[in-house]
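Chain by chain, the residues run as shown.
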Amino acid sequence: MAREQGGRDNRDRQPRDREESELIEKLVGINRVAKVVKGGRRFGFAALVVVGDGKGRVGVGSGKAREVPEAIRKATEQAKRTMIRVPLREGRTLHHDSNGHFGAGKVVLRAAPAGTGIIAGGPMRAIFEALGVQDVVTKSIGTSNPHNMIKATFDALAQVTSPRSVAARRGRRVSDILGRREAGAGQEA
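Throughout this document, residue positions are counted from 1 along each chain, in the order its sequence is written. Local features in a predicted model are, by the rule used here, given only for residues with pLDDT of at least 70; side-chain atom pairs are given and counted only at 80 or more, and totals for whole chains, interfaces and linings are based on all residues. Values reported for side chains reflect all heavy atoms of the structure, with hydrogen atoms and water molecules removed beforehand.

- Under an unreviewed UniProt entry, the name given to the chain is Small ribosomal subunit protein uS5, and the source organism is Azospirillum cavernae.
- UniProt positions are given in the numbering used here, feature names are shortened, and annotations may be inferred rather than shown by experiment. UniProt annotates the chain under Subunit (unreviewed entry) with the comment "Part of the 30S ribosomal subunit. Contacts proteins S4 and S8."

Rendered as structure tokens:
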């Protein structure tokens, strides 16, 4: 039994290694912290990394270590473990606008027409580049702390749903849901 399990793990691991090599890794920030000890200061480093596949999956991780490469490695591993899937419209933008918050950080994410590009500041730009979004408009309100901005952005991304999932949840067809929205837009004009 143990051999079968080990063999199965090895077979599963090979495609995963290939998949992990295609991931986009973005280093968002490195903080240096000092601990004062008897002989002077001991320095440590904290890294914040965003990882995505460019096709709708993204994760964030933070790692701390005495040296920068080790902190980055730990952050990258955590980011790979915490990846979430975000449905994208036409593979280039979000399906709808979304708001997210974490602590004092608030973010507004808006879907954008083709050709707009990624209009986002700092850490949010890294998330959308790793996610594979090409057109999005964002605004960060309240804080510029990268950790809180990223967590607020993930809160907003977790709220994004596709018309297909909404239709399945309501027991309707996708055309019913999208058709009603377009009919409502036509009445306003």
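Now that the structure is up, let's keep going.
### Examining the overall build of the chain
Here comes step 1: Put simply, DSSP marks the helices as runs of H or I at least four residues long and the strands as runs of E at least two long, and each gets a number from the N terminus on. A tally of helices and strands in the chain yields 6 helices and 10 strands.
Here comes step 2: In this scheme, a residue with accessible area under 20% of its type's maximum is buried, one over 50% is exposed, and one in between is partly exposed, where area comes from a 1.4 Å probe on protein chains only. When each of the 189 residues of the chain is scored for burial, the buried share is 33%.
Here comes step 3: In what follows, residue pairs with any heavy atoms lying within 4.5 Å of each other are defined as contacts. Put simply, 53% of the contacts in the chain that link residues at least 6 apart link residues at least 24 apart.
Here comes step 4: For the chain, the accessible surface area stands at approximately 11900 Å², while carbon and sulfur atoms represent 49% of it. For the area figures, the Shrake-Rupley method with a 1.4 Å probe applies, and any residue is considered shielded solely by the protein chains shown.

### Observations concerning the packing of helix 3 (residues 122–131) against helix 4 (residues 146–158)
Here comes step 1: Helix 4 packs onto helix 3 with a crossing angle of 45 degrees between their chain directions and a minimal axis gap of 9 Å. Looking at the two axes, helix 3 sits oblique to helix 4. Our pair here, helix 3 against helix 4, has a crossing hand that is right-handed. When helix 3 is examined against helix 4, the residues Pro 123, Met 124, Ile 127, Phe 128 and Leu 131 are found in contact with a partner set consisting of Pro 146, Met 149, Ile 150, Thr 153, Phe 154 and Leu 157.
Here comes step 2: Among the residues making up the contact of helix 3 with helix 4, the classes are represented as 10 nonpolar, 1 polar and no charged. Axis geometry follows a simple rule: fit a line to the C-alpha atoms, using only the stretch in contact for helices, then measure angles between N-to-C directions, giving values from 0 to 180 degrees. Roughly parallel covers angles under 35 degrees, roughly antiparallel covers those over 145, roughly perpendicular covers 65 to 115, and oblique covers all other angles. Take the far helix as your reference; a near helix turned counterclockwise from it by less than a right angle gives a left-handed crossing, and one turned clockwise gives a right-handed crossing. In this classification, Asp, Glu, Lys and Arg are treated as charged, Ala, Val, Leu, Ile, Met, Phe, Trp, Tyr, Cys and Pro as nonpolar, and every other residue, Gly included, as polar.

### Some remarks on helix 5 (residues 163–170)
Here comes step 1: If you check which residues of helix 5 are buried, you get Pro 163, Val 166 and Ala 167. Angularly, the buried residues of helix 5 cover 100 degrees about the axis, an arc narrow enough to put them on a single face. Of the residues in helix 5, the exposed ones pointing more than 90 degrees away from the buried face are Arg 164, Ala 168 and Arg 169.
Here comes step 2: Looking one or two residues beyond helix 5, the residue adopting positive phi is Gly 171, at roughly 70 degrees. This arc is built from the directions going out from the helix axis to the C-beta atoms.

### Details of the sheet that holds strand 7 (residues 98–102)
Here comes step 1: Any two strands with at least two DSSP bridges between them are considered paired. Taken in spatial order, the 4 strands of this open sheet run 7-8-10-9, and their pairing is mixed. Each of the sheet's edge strands pairs with one partner strand only, and the pair in question is strand 7 and strand 9 (118–119).
Here comes step 2: Across 2 bridges, the pairing between strand 9 and strand 10 (residues 136–141) is parallel. When the bridges of strand 10 are listed, Ile 119 appears paired with Val 137.
Here comes step 3: With respect to the sheet, helix 3 is in contact with strand 8 (105–111), strand 9 and strand 10, its orientation differing from that of strand 10 by roughly 150 degrees.
Here comes step 4: Set on the sheet, helix 4 makes contact with strand 7, strand 8 and strand 10; between it and strand 7 the angle comes to about 140 degrees.

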